[in-house]
Amino acid sequence: TQLLEQSPQFLSIQEGENLTVYCNSSSVFSSLQWYRQEPGEGPVLLVTVVTGGEVKKLKRLTFQFGDARKDSSLHITAAQPGDTGLYLCAGILNSGYSTLTFGKGTMLLVSP
Amino acid sequence: EAQVTQNPRYLITVTGKKLTVTCSQNMNHEYMSWYRQDPGLGLRQIYYSMNVEVTDKGDVPEGYKVSRKEKRNFPLILESPSPNQTSLYFCASSLSTLDHNEQFFGPGTRLTVL
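This one's a predicted model, so the numbers in the text were calculated from it and none came from an experiment. (Residues numbered from 1 in each chain as written. Chains lettered and ligands numbered in written order. Predicted model: local features only at pLDDT ≥ 70, side-chain atom pairs only at ≥ 80, totals over all residues. Heavy atoms only, no water.)

**Here we look at the interface of chain B and chain A**
Contacts between the two partners involve 22 residues from chain B, matched on the other side by 24 residues from chain A. For the pairing of chain B and chain A, the buried interface totals around 1,700 Å² over both sides, and the portion due to carbon and sulfur atoms is 53%. Put simply, chain B and chain A have zero salt bridges between them. On the surface where chain B and chain A come into contact, there are five residue pairs in polar contact (both at pLDDT 80 or more). At the level of elements, strand 4 (31-38) and strand 5 (42-51) of chain B are the ones that each hand at least two residues to the side of chain B that touches chain A. A per-element tally of the side of chain B that touches chain A places strand 5 of chain B first, with five residues. (Contact = heavy atoms within 4.5 Å. Buried area = accessible area lost by both parts, 1.4 Å probe. Salt bridge = Lys/Arg side-chain N within 4 Å of Asp/Glu carboxyl O. Polar contact = N/O pair within 3.5 Å; in protein donor to acceptor, adjacent residues only side chain to side chain. Helix = DSSP H or I, 4+ residues; strand = E, 2+ residues; numbered from the N terminus.)

**Some remarks on the pattern of salt bridges**
Enumeration according to the criterion identifies seven salt bridges over all chains in this entry. One salt bridge in this structure joins E54 of chain A and K56 of chain A, with 3.8 Å as the shortest N-O distance. In this structure E54 of chain A comes out as buried when scored by relative accessible area, which is 18%. Residue K56 of chain A is classed as partly exposed on the basis of its relative accessible area of 32%. A salt bridge links E79 of chain B to K65 of chain B; the nearest nitrogen and oxygen atoms lie 2.9 Å apart. Of the two residues, E79 of chain B sits in the loop between strand 8 (76-78) and strand 9 (87-94) while K65 of chain B sits in strand 7 (residues 65-66), which places them 14 residues apart along the sequence. The partly exposed category is assigned to E79 of chain B, whose relative accessible area is 35%. Through salt bridges with shared partners, a single ionic network connects K18, K65 and E79 of chain B. (Buried < 20%, exposed > 50% of the residue type's maximum accessible area, 1.4 Å probe, protein only.)

**A word on the pairing of strand 9 of chain B**
Residues and elements named next belong to chain B. The buried count for strand 9 comes to eight of eight residues, which makes it a mostly enclosed element. The alternating pattern of strand 9 places S87, Y89, C91 and S93 and L88, F90, A92 and S94 on opposite faces, both of which are buried. Taken together, the seven bridges between strand 4 and strand 9 define a ladder with antiparallel strand orientation. Residue pairing for strand 9: W34 is matched across the bridge by C91. As paired strands, strand 9 and strand 11 (residues 109-113) are joined by three bridges and run antiparallel to one another. Within strand 11, the position partnered with L88 by the bridge is R110. Sheet topology places strand 9 next to strand 10 (residues 104-105); two bridges connect them, and they run antiparallel. Bridging from a neighbouring strand, A92 pairs with F105 of strand 10. (Pairing = 2+ DSSP bridges.)

**Describing the nonpolar core**
Residues L19, L32, W34, F63, L74, I76 and L108 of chain A are the most contacted members of the largest nonpolar core, which totals 21 residues. Counting residues per element, the ones that place at least two in this core are strand 3 (19-24), strand 4 (31-37), strand 5 (44-49), strand 7 (61-65), strand 8 (71-76), strand 9 (85-92) and strand 11 (106-111) of chain A. In this view, I76 of chain A contacts E17, N18, L19, R60, L61, D83, Y87 and L108 of chain A; residues no more than four positions away in its chain are not counted. In this structure, V4, F74, C91 and L111 of chain B belong to the second largest nonpolar core, which totals 19 residues. (Core = buried A, V, L, I, M, F, W, Y, C linked by side-chain atoms within 4.5 Å.)

**Things to note about the layout of surface pockets**
Here the largest pocket is characterised by a volume of approximately 590 Å³. Looking at the largest pocket, it is lined by 27 residues, and the ones nearest its centre are Q37 and L86 of chain A together with Q37, P39 and L88 of chain B. Put simply, the parts of the chain that give the lining of the largest pocket at least two residues each are strand 4, strand 9 and strand 11 of chain B. Of the residues belonging to the lining of the largest pocket, the class tally is 10 nonpolar, 11 polar and six charged. (1 Å grid on protein atoms, 1.4 Å probe; cavity = no way out; pocket = protein on both sides within 12 Å on 5 of 7 lines; lining within 4 Å. Points joined across faces, edges and corners; volume = space filled by probe spheres on them. Nonpolar A, V, L, I, M, F, W, Y, C, P; charged D, E, K, R; others polar.)

Right under this line is the structure:
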């Protein structure tokens with residue numbers, strides 16, 4: 001059973017479109033992170049959300065942590081080809097716990 | 001430059017031939033971890049280390065060994081590799097325990113076991 005479910009698995013859009021990626025769980029997380037992984041490279045952290053209901057913005061990317069700290073979303077406005085990559089959500093179940101649980105990821109392809 | 005390095009980047013080997021994948025970080029991080037990434041399964045943790053001489057199993061430790069004799073190095077050892085260990089491996093490090101701390105990933109090692 002996957003602890004963190006990401007949807008959609010794949011997303012292919014045109015430059016300029018908006019999109020939302022979801023990360024859902026039945027478990028409560030003390031914090032949740034979003035990473036982006038480009039081909040041939042390791043994941044790179046985009047954001048960490050800690051408080052239920054928290055919203056963080058990173059240029060055209062908006063991240064939200066659900067009120068109950070069980071889910072999160074990533075919204076990209078006016079997607080660009082440079083946004084192409086694998087987006088991974090990862091959560092820590094309990095404070096001080098040493099395992100970061102990853103979702104399977106959403107592969108985003110933005111065409112010019 | 002702050003980074004996590006892994007060697008080799010690519011490796012093709014045969015079943016049963018012992019191998020070691022090295023991982024080194026220059027950020028004085030306490031926490032280090034190994035993951036494997038497989039299509040349809042995502043990133044899964046193999047082993048982690050919270051400090052020197054402290055290691056613990058992750059979600060998929062079978063067939064792997066690790067050691068943490070120095071703070072900067074965390075090698076992954078496959079004593080007798082099998083084809084089901086063919087995968088993309090990532091080493092990662094973090095300042096301390098994972099609470100809100102960013103994990104820095106290495107560039108990956110693509111391993112093929114024939």
